[in-house]
Amino acid sequence: MKKFWLSLTISFMALAGLSGCNAITVLNPKGPQAEIQSDTIIFSMYVMAGILLIVYVLFIYMIVKYRANNQPVNYEPPYIKGSKWLEIIWTAIPIIIVIVLSVVTVKTTFQVESTPAGHENDEPLVIYAASSNWKWHFSYPKQGIETVNYVNIPTDRAIEFKLYSYGPITSLWIPQLAGQKYAMSDMVTTLHLVADEEGDYFGRNANFSGEGFAQMEFICEAMSDEDFNEWVNEVQTTADPLTEEEFDQLLDTEYMGIATYSSTHLDFKPAPVWPFHQPEEDGDINTGTDGHNH
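Computed from a predicted model, the values in this text were never measured in an experiment.

S.K.: Describe the overall build of the protein, with residues and values.
M.R.: A count of helical and extended segments in the protein gives five helices and 11 strands. Here the protein holds 294 residues, and 38% of them are scored as buried. Considering only contacts within the protein whose residues lie at least 6 apart along the sequence, 68% involve residues at least 24 apart. For the protein, the exposed area adds up to about 17,100 Å²; of that, 61% sits on carbon and sulfur atoms.

So this is what it looks like as structure tokens:
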């Protein structure tokens, strides 16, 4: 009985804590993709909390109504062979719950995998994000610049991260802007997001990939278009270009801080092309998504 009351108290505390979910990063979205995921998580939590509440209410009702000291001394429970309607009810309810959660999950999954609503006709900013032990390389092919362990983006503009890895499978995750997406060594995956507000957003590798996994963190700074263009111009005019020799040294370096370059490694070491890493005939940078060439 003590375990029951303890679990009941914890459940109600968790339900009451939903009002303070803004303190949890993933439930404090700053972009449409993250907001969709946050709403889905909160909806699922309310559904599960509702189920727990009904179960506990029924449980308390049963143990109170049918407790031993509430029955005659010579009470004998009636023999019940079975109830068709009870069988249907307690079979149908879990099926309905699973269907509702499945429909919501599938619908929102398609939404977060697509260009954010309202930006379908906008030209996205494409950023190649490559992981290596234990760092992130962010390449801006159109701007001709590259950063290590930090990334800047403009607000209110569709962003397409093209993800791949120079080592084990990793996962790029900026909780307040979008969900996580895997980066693999033999294909390019795409992560869509938009930042609604200016600010610094914490990002990291969300997939365990070895001893340096905990150090694979970075800051994504969302800024106005004017500030972003100013930053790009500054990098293009003041930063040193990235050479193939220096990039190879970066790949071999396990831990480092941030770095900025006025060229990208895509010029001499393009992103992988599915299958078998064959270069494209026209020599363009690969923009394949989820293992397909486009």
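S.K.: Lay out the pattern of salt bridges with the relevant residues and their values.
M.R.: On inspection of all chains with the given rule, the structure shows six salt bridges. Note that Lys30 is salt-bridged to Glu197, the shortest N-O span being 3.5 Å. One end of the pair, Lys30, is in the loop between helix 1 (2–16) and helix 2 (32–65); the other, Glu197, is in the loop between strand 8 (189–193) and strand 9 (199–205), with 167 residues separating them in the sequence. Of the residues examined, Lys30 reaches a relative accessible area of 19% and is grouped as buried. A salt bridge links Lys162 to Glu160; its shortest N-O distance comes to 3.5 Å.

S.K.: Describe the pairing of strand 2 (residues 135–140), listing the residues and the values that go with them.
M.R.: Of all the six residues making up strand 2, six are buried; the element is thus mostly covered by neighbouring parts of the structure. Burial along strand 2 is two-sided: Lys135, His137 and Ser139 and Trp136, Phe138 and Tyr140, pointing in opposite directions, are all buried. Both strand 1 (residues 125–132) and strand 2 contribute to a ladder of five bridges, which runs antiparallel. Within the sheet, the bridge partner assigned to Ala129 lies in strand 2 and is Phe138. Counting the residues in the hairpin turn of strand 1 and strand 2 gives two residues. In this sheet, strand 3 (residues 145–148) lies alongside strand 2 in antiparallel orientation, the contact comprising four bridges. If you follow Ser139 over to strand 3, its bridge partner there is Glu146. A loop of four residues connects strand 2 with strand 3, the two strands running antiparallel in sequence, and Gly144 in this loop sits at a positive phi of about 70°.

About the thresholds
Residues numbered from 1 in each chain as written. Predicted model: local features only at pLDDT ≥ 70, side-chain atom pairs only at ≥ 80, totals over all residues. Heavy atoms only, no water. Helix = DSSP H or I, 4+ residues; strand = E, 2+ residues; numbered from the N terminus. Buried < 20%, exposed > 50% of the residue type's maximum accessible area, 1.4 Å probe, protein only. Contact = heavy atoms within 4.5 Å. Areas by Shrake-Rupley, 256 points an atom, 1.4 Å probe, with all protein chains shown as cover. Salt bridge = Lys/Arg side-chain N within 4 Å of Asp/Glu carboxyl O. Pairing = 2+ DSSP bridges.

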